[in-house]
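Residue-level listing of the chains:
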Amino acid sequence: MSQKDAAKALGLKPRIIQYYEKGERDGESVKVPRSIRLACYALAHGITDYHGPRPEAEG
């Protein structure tokens, strides 16, 4: 996935993706937030949206 595509999918500016990939911004360390790490994991596994847990089947 390109930086541009990742930024669009995550709702971020492409420059933010560059900071995350580099691990720094203006010489300062940048940590990727957990929410972004989880979103990247989901995208990598084909999950494009989440609507909460599935309702349990009524028995």
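Our structure's up above, just so we're on the same page.
To start, this report covers the structure provided alongside it. (Residues numbered from 1 in each chain as written. Predicted model: local features only at pLDDT ≥ 70, side-chain atom pairs only at ≥ 80, totals over all residues. Heavy atoms only, no water.)

What about the overall build of the chain?
The secondary structure content of the chain amounts to three helices and two strands. Ordered by position from the N terminus, the helices and strands of the chain form the series α-α-β-β-α. Here the C-alpha atoms of the chain give a radius of gyration of 15 Å, more than 25% beyond the 10 Å that 2.2 N^0.38 yields for 59 residues. A total of 59 residues make up the chain; the buried ones form 12% of that total. By element, 51% of the accessible surface of the chain is carried by carbon and sulfur atoms, the whole surface being about 5,400 Å². For the chain, the centre of its 10 positive side-chain charges and the centre of its 8 negative side-chain charges are spaced 6 Å apart. (Helix = DSSP H or I, 4+ residues; strand = E, 2+ residues; numbered from the N terminus. Rg over C-alpha atoms; globule rule 2.2 N^0.38 Å. Buried < 20%, exposed > 50% of the residue type's maximum accessible area, 1.4 Å probe, protein only. Areas by Shrake-Rupley, 256 points an atom, 1.4 Å probe, with all protein chains shown as cover. Lys, Arg positive; Asp, Glu negative; His and termini not counted. Charge placed at Lys NZ, Arg CZ, Asp CG, Glu CD.)

What to know about the pattern of salt bridges
This structure, assessed with the given rule, holds two salt bridges. A salt bridge links Glu 24 to Lys 22; its shortest N-O distance comes to 3.9 Å. Linking Arg 25 and Asp 26 is a salt bridge whose minimum nitrogen-to-oxygen distance equals 3.9 Å. Since its relative accessible area comes to 42%, Arg 25 is described here as partly exposed. (Salt bridge = Lys/Arg side-chain N within 4 Å of Asp/Glu carboxyl O.)

Everything listed here is a matter of coordinates, which is why it stays silent on function.
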